[in-house]
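Residue-level listing of the chains:
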Amino acid sequence: MVAEPVGNRFDERRRRWVLPAGGADIAIDPDAPVVYVRWVDANAFCRWYGLRTGLPWRLPGELEREKAARGADGRSFPWGEFDDPAIHC
């Protein structure tokens, strides 16, 4: 039996992913990826982490991000050529 993930929910009526209302009773998985971070905040983190480590850190550019999402074969979606709103996020 697989437990239902806590957090984001797909709203069928609005056909989009939404966060549930409330807050304190939501369990957060510390191994889950970070979401809902503004670009300026992620960029500031890269600058801060670069100063801390002495290494050049940056966010991927648009073409790098698109290639990572689509793969080298040029598919329309990361999961292939079919559009399935149930797995959009």
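Residues numbered from 1 in each chain as written. Predicted model: local features only at pLDDT ≥ 70, side-chain atom pairs only at ≥ 80, totals over all residues. Heavy atoms only, no water.

Overview of the overall build of the chain
Here is step 1: Counting its secondary structure elements, the chain contains two helices and two strands.
Here is step 2: If you list the helices and strands of the chain from N to C, you get β-β-α-α.
Here is step 3: Relative to its full complement of 89 residues, the chain shows a buried share of 10%.
Here is step 4: Carbon and sulfur atoms make up 59% of the accessible area of the chain, which amounts to about 7,900 Å² in all. (Helix = DSSP H or I, 4+ residues; strand = E, 2+ residues; numbered from the N terminus. Buried < 20%, exposed > 50% of the residue type's maximum accessible area, 1.4 Å probe, protein only. Areas by Shrake-Rupley, 256 points an atom, 1.4 Å probe, with all protein chains shown as cover.)

Structural notes on the pattern of salt bridges
It is possible for side chains of opposite charge to pair when their charged atoms get near one another.
Here is step 1: A full pass over the atoms with the stated rule returns four salt bridges.
Here is step 2: The closest approach of N and O atoms between Glu62 and Arg65, which form a salt bridge, is 2.9 Å. You can see Glu62 and its partner Arg65 sitting in helix H2 (residues 62-70), three residues apart, about one turn around the helix.
Here is step 3: For Arg75, the salt bridge goes to Asp73, with nearest N and O atoms at 2.9 Å.
Here is step 4: A relative accessible area of 25% means that Arg75 is categorised as partly exposed. (Salt bridge = Lys/Arg side-chain N within 4 Å of Asp/Glu carboxyl O.)

Considerations on the packing of aromatic side chains
Here is step 1: All told, the structure shown has four aromatic pairs when counted by the stated rule.
Here is step 2: On the numbers, 5.5 Å between centres and 40 degrees between planes, the contact of Phe45 with Trp48 is tilted. Of the two residues, Phe45 and Trp48 both sit in helix H1 (residues 39-53), three residues apart, roughly one turn of that helix.
Here is step 3: For Trp48, a relative accessible area of 44% translates into the label partly exposed.
Here is step 4: Measuring from ring centre to ring centre gives 5.6 Å for Phe45 and Tyr49, while their planes differ by 10 degrees; the resulting arrangement is stacked. Taken as a pair, Phe45 and Tyr49 lie in helix H1 at a separation of four residues, close to a single helical turn.
Here is step 5: Judged by relative accessible area, Phe45 falls into the partly exposed class, the value being 46%.
Here is step 6: Among the aromatic residues, those joined into a cluster by ring pairs are Phe45, Trp48, Tyr49 and Trp57. (Phe/Tyr/Trp six-rings, centres within 6.5 Å; stacked < 30°, edge-to-face > 60°.)

Some words on the confidence of the model for the chain
Here is step 1: Looking at the chain, the pLDDT average stands at 78 and 75% of residues meet or exceed 70.
Here is step 2: For the chain, per-element mean pLDDT is lowest for strand S2 (residues 16-18), which scores 71, and highest for H1, which scores 93.
Here is step 3: Across residues 1-6 the pLDDT falls below 50, and counting only partners more than four positions away or on other chains, this stretch makes three contacts in the model. (pLDDT = per-residue confidence, 0-100. Contact = heavy atoms within 4.5 Å.)

Considerations on unusual backbone geometry
Here is step 1: In the Ramachandran plot, Tyr36 falls in the positive-phi region, its phi being about 60 degrees despite a non-glycine side chain.
Here is step 2: Looking at the element boundaries, Tyr36 is found in the loop between S2 and H1.
Here is step 3: Of the residues examined, Tyr36 reaches a relative accessible area of 55% and is grouped as exposed.

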